[in-house]
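Working through the structure, step by step
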Amino acid sequence: MIDQHRQAFKEEAYELLAELESSLLELEERPDDQDLIGRVFRAMHTIKGSGSMFGFDDIASFTHEVETIFDMVRNGKLQVTGRLVNLTLAARDQIRSMLDAADSGEAADLQASAEIIVGLRELAGFQGQVAAEAHKEEVHEAQKDPVTYRIRFAPAREIFVSGTNPLTLIAELRELGACTVVAQTAGFPCLEEMNPESCYVYWDVILTTDQGENAIRDVFIFVEDDCELKIEPIAEHNRYEEQQDYKRLGEILVERGDITSDDMRVVLSQQKRFGELAISQGILHEGKVQAALAEQQHIKEVRQEKQVAEASSSIRVPAERLDLLVNLVGEMVTVQARLSQTAAQRDDAELMAIAEEVERLTAELRDSALNIRMLPIGSTFSKFKRLVRDLSAELGKQIEMTTEGAETELDKTVIEKLNDPLVHLIRNSIDHGIERPEARVAAGKPERGTVHLSAVHSGDSVLITIADDGAGLDKEAIRTKGIERGIITAGAELSDKELFNLIFAPGFSTAKTISSVSGRGVGMDVVKRAIEALRGSIDITSVRGEGTRIMVKIPLTLAIIESLLVKIGNDSFMMPLALVDECVELTREDVAAAHGRNLAHVRDQLVPYIPLREHFAIPGDPPEIEQIVITQVSGVRVGFVVDHVIGEHQTVIKSLGRAYKDTEGISGATILGDGTVALILDIPQLVQAAEAAQA
Amino acid sequence: MEELMLECRQDPAHPGTRVLKVAGEVSIGVAGDFKEALIEALSGGNEVQVDVSALTGIDLTGLQLLCAAHHSAGTAGKEFHIVDGGNPTFRDMATSAGFRRHTGCAYDRACSCIWVGGDN
């Protein structure tokens, strides 16, 4: 059980660290943004709190130091500087490695922790006094009249699981001002029924503070969704004179814990004599009893709302379970296809109706199952921000990264696999693309270079663009290198596109020197292969002196694709529909007219084609009229000759297993409605192989 | 974090009284063990004393269990006391968590609330 909690804490901590990183990077740009400072502080605070709760004492004590510094920043005693951000980023990395170390059981680097803490302390001591003077006046202005609030804090049962210790929140409330805390234990079950890891208690707190209601809400900011929180002002002390006898009875009884608010409700509703007696003896005015009753009613209503709030909260599920679900949905889609086919064959109206209903439900189920795995790409983007920051510092360049479309959603597995290729592309932009500040100024460009990262939905794909305003690709250098490597011949006439595509050739690197950032020869070919493994495509445009733009197109999901079902002899094949442009007929005469060259005339354009029957050595004769499925890969149109085109198909992708791992031209398989297996064609690879065979 | 030590024994002076000695720290990780120990102690006698004088820390889960144990004892007609020997850690924890109070809760028919007053 404890492991499960530790795991939950770690997951939460990794998320917080990611958030922390992006907040820090933003803070560097806008050092006066109080909102950001608050976010950094709260992230540190939560890591510390949950860390100590789950026995990550080293992390808790380390984070405490950083939190202290940011508390000073928050209170205006310390200013945000580049050095502070650097140290805090280093601290963030340190916390991360401590978390990693906790897993492997290795000791974290204590020396590094100590250095960061010393650095931070120095910074605090050095800068502390400077801001103190200026701060004094502000504090004076901010001083407000104290207000007394009644706070009811009812954590959700499972609040411990999320790593939150409600007591630290209560302790924070105490820091805000004079505070009376009453734990309400009335709802406790008996011992046998109590789940020791659930939270049953809730609190009524009376707090007098001059910090305002927002300061109170800030305390609960990370548990807002996990608790029932009610804050109401009950007395403002500048007007205290007028309200002196207002609500005194209930307030004090509850405050002292002499009576719980529930007890009071029972007393007030059942023993009417109490109220009546009090009124008749002139101790209480009727209105006051009414006010108390109304208050009880209010609390009751809020409690009922709690049920609703709990139902709409989110849950954390291991990714494997989702994968299993998606797999099952995949099987389901396959079975549904068989059902539809059988129903159509039987010509049974009742069975058809059922099959149609199942088809509709399966489609919905498939869409929502796939939807669960969708994540915004923004988390990956913010990781890159850090990469750009660190690398540009290392290379002595000034680079700003801008992003767009961070909310664009992609399948989780796709996002994970996309990380490395994108890192590589961004590194390339920084290392080869953007020039040094001197060179930029000399070229009449702003000193600071820009790398723009954007993501946008287009159909069933996501288009990711990495654009820089650097030097652009050097066509001559590429040509020279291409000839040197024997990829092209000396006199070859190449379009820009073809020339740029050369950089995806294996072992191609134009960098004259090998830097630590890029240029080790493992380059763009690896990127291209990784993108193609995701059934995506990559495209480059570049203008010398103005910059380079790399476009990566990636399908939304890896589990199910729309494809075109085709037949050659008795074998079925699938072609990803996203790559298919059109289908045209190919007659025996056409073949004869081409004189053995595999070229087809399509609207006055020559399209090369690959006869798949030949390619896969499938025995038998092709029909009189064959079909050419014309595909488009990286802007090049290539046809594939098949016997018949059957139609569109929802394809659940199954991998071929390890034995067939290196099979070229096939990217997977699927099971058809009648139970037979259809192979999914790896179109980009087939095109590549054909090109290689020609050259 | 000191490990939780639980020891339940018969009070030699008072037959039927079980004394559960709790030392170390009660935290969410060991709350399950603590619950079992409390149940066992309650099933073994008509009166249970929980000795927390050697406690070095207790979190919310521990406080909740003590409260629930008292509730269960009351329902079963048994007596349940806490002896803290003036342990400041325990008292601070109970106070800061808002458990300490002047009168017992609604279940408390016999004025035996474990949080009322000081040592008993």
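Keep in mind the model is a prediction, meaning the values are calculated, not measured.

**Side note on the pairing of strand β17 (residues 625–633) of chain A**
All names here are of chain A. Extensive coverage of β17 is indicated by the burial of 7 of its 9 residues. Strand direction decides the pairing type here: β17 and strand β18 (residues 636–642), joined by 7 bridges, are antiparallel. From the neighbouring strand, Ile630 faces β18, where its bridge partner is Gly639.

**A few points about the nonpolar core**
Counting residues in each nonpolar core, the largest one holds 99 residues, and the members touching the most others are Phe70, Ile151, Leu173, Trp203 and Phe220 of chain A together with Leu38 and Phe80 of chain B. Among residues more than four places away in sequence, those in contact with Leu38 of chain B are Leu191 of chain A together with Leu20, Val50, Leu65, Leu66, Ala69 and Phe80 of chain B.

**Overview of the packing of aromatic side chains**
Residue and element names in this part refer to chain A. Counting across every chain of the model gives 4 aromatic pairs over all chains. An angle of 65° between the planes, with centres 6.2 Å apart, marks the rings of Phe188 and Tyr200 as edge-to-face. Of this pair, Phe188 sits in the loop between β2 (177–184) and β3 (202–209) while Tyr200 sits in the loop between β2 and β3, and the two are 12 residues apart along the sequence. In this pair, the class of Phe188 matches that of Tyr200, namely buried. Between Phe573 and Phe616 the ring centres are 5.4 Å apart and the planes differ by 10°, which places this aromatic pair in the stacked class. Pair noted here: Phe573 is in strand β13 (residues 571–576) and Phe616 is in the loop between α21 (612–615) and β17, with a separation of 43 residues, a long-range link. Given a relative accessible area of 4%, Phe573 falls into the buried group. For Phe616, a relative accessible area of 24% gives the class partly exposed.

**Focus: the sheet that holds strand β15 (residues 599–602) of chain A**
Residue and element names in this part refer to chain A. Reading across the sheet, the 5 strands line up as β14-β17-β18-β16-β15 and stay open at both edges, with mixed pairing between neighbours. Edge strands, defined here as strands with exactly one partner in the open sheet, are β14 (580–587) and β15. Strand-to-strand twist across the sheet, computed as the mean angle between neighbouring axes with direction ignored, equals 35°. Here β14 pairs with β17 via 7 bridges, running antiparallel.

**Brief notes about the interface of chain B and chain A**
Taken residue by residue, the interface counts 30 residues in chain B and 33 residues in chain A. Run the count over chain B and chain A and you get 13 residue pairs in polar contact (both at pLDDT 80 or more). Mapped by element, the contributors of at least two residues to the side of chain B that touches chain A are α1 (31–44), α2 (60–75) and α3 (88–96) of chain B. Among the elements that line the side of chain B that touches chain A, the one with the most residues is α2 of chain B, at 9 residues.

**Quick look at the packing of helix α2 (residues 34–53) of chain A against helix α3 (residues 57–74) of chain A**
Any two packed helices are characterised by the angle at which their axes cross and by the distance between the axes. All names here are of chain A. α3 packs onto α2 with a crossing angle of 155° between their chain directions and a minimal axis gap of 8 Å. In terms of orientation, α2 lies roughly antiparallel with respect to α3. As α2 packs across α3, the resulting crossing turns out to be left-handed. For the pair α2 and α3, contact is made by Gln34, Ile37, Val40, Phe41, Met44, His45, Ile47, Lys48, Gly51 and Ser52 and by Asp57, Ile59, Ala60, Thr63, His64, Val66, Glu67, Phe70, Asp71, Val73 and Arg74, respectively. A class-by-class count of the residues in the contact of α2 with α3 yields 10 nonpolar, 6 polar and 5 charged.

**Looking at helix α15 (residues 412–433) of chain A**
The end-to-end C-alpha separation of α15 of chain A is 30 Å, in line with the 32 Å expected for 22 residues at 1.5 Å each. The sharpest bend along α15 of chain A reaches about 35° and sits at Asn419 of chain A, with the proline Pro421 of chain A one to four residues further on.

**Comments concerning the pairing of strand β3 (residues 47–58) of chain B**
All names here are of chain B. In this sheet, β3 lies alongside strand β2 (residues 17–26) in parallel orientation, the contact comprising 9 bridges. Each bridged residue has a counterpart across the sheet, and for Arg18 the counterpart in β3 is Val48. Viewed along the sheet, the connection from β2 through α1 into β3 turns out right-handed. Pairing between β3 and strand β4 (residues 79–83): 5 bridges, direction parallel. Note that in β4 the partner of Glu47 across the bridge is Glu79. Crossover handedness for the path β3 to α2 to β4: right-handed.

**Quick notes on the confidence of the model for chain A**
Taken residue by residue, chain A gives an average pLDDT of 79. The fraction at 70 or more is 82%. Contacts for the low-pLDDT stretch residues 128–143 of chain A, under 50 throughout, to residues beyond four places or in other chains number 9 contacts.

**Notes on the pattern of salt bridges**
All names here are of chain A. According to the stated counting rule, one finds 38 salt bridges over all chains in the structure shown. We note a salt bridge from Asp496 to Lys475, for which the minimum N-O separation is 3.2 Å. Remark: Lys475 occurs in helix α17 (residues 475–484) and Asp496 occurs in helix α18 (residues 496–501); sequence separation between them is 21 residues. Note on Asp496: relative accessible area 38%, which makes it partly exposed. Salt bridges sharing partners connect three or more residues here, namely Glu21, Glu28, Arg92, Asp93, Arg386, Arg389 and Asp390.

**A word on the environment of Thr68 of chain A**
Here Thr68 of chain A shows up in helix α3. Taking the C-alpha atoms as reference, Thr68 of chain A lies 9.3 Å from His45 of chain A; in sequence the two are 23 residues apart.

**As for the side chain of Ser382 of chain A**
Residues and elements named next belong to chain A. You can see Ser382 is positioned in helix α14 (residues 378–395). With a relative accessible area of 19%, Ser382 lands in the buried category. Non-local contacts of Ser382, meaning those with residues more than four positions away in its chain, are made with Glu21, Ser22 and Leu25.

Analysis parameters
- Residues numbered from 1 in each chain as written.
- Chains lettered and ligands numbered in written order.
- Predicted model: local features only at pLDDT ≥ 70, side-chain atom pairs only at ≥ 80, totals over all residues.
- Heavy atoms only, no water.
- Buried < 20%, exposed > 50% of the residue type's maximum accessible area, 1.4 Å probe, protein only.
- Helix = DSSP H or I, 4+ residues; strand = E, 2+ residues; numbered from the N terminus.
- Pairing = 2+ DSSP bridges.
- Core = buried A, V, L, I, M, F, W, Y, C linked by side-chain atoms within 4.5 Å.
- Contact = heavy atoms within 4.5 Å.
- Phe/Tyr/Trp six-rings, centres within 6.5 Å; stacked < 30°, edge-to-face > 60°.
- Axes fitted to C-alpha atoms, helices over the stretch in contact; angles between N-to-C directions.
- Polar contact = N/O pair within 3.5 Å; in protein donor to acceptor, adjacent residues only side chain to side chain.
- Parallel < 35°, antiparallel > 145°, perpendicular 65-115°, else oblique.
- Left-handed = near helix turned anticlockwise from the far one by under 90°.
- Nonpolar A, V, L, I, M, F, W, Y, C, P; charged D, E, K, R; others polar.
- Expected span 1.5 Å × (residues − 1).
- Bend = angle between axes of the 7 residues up to and from the residue.
- Right-handed = clockwise from strand over helix to strand, strands pointing away.
- pLDDT = per-residue confidence, 0-100.
- Salt bridge = Lys/Arg side-chain N within 4 Å of Asp/Glu carboxyl O.

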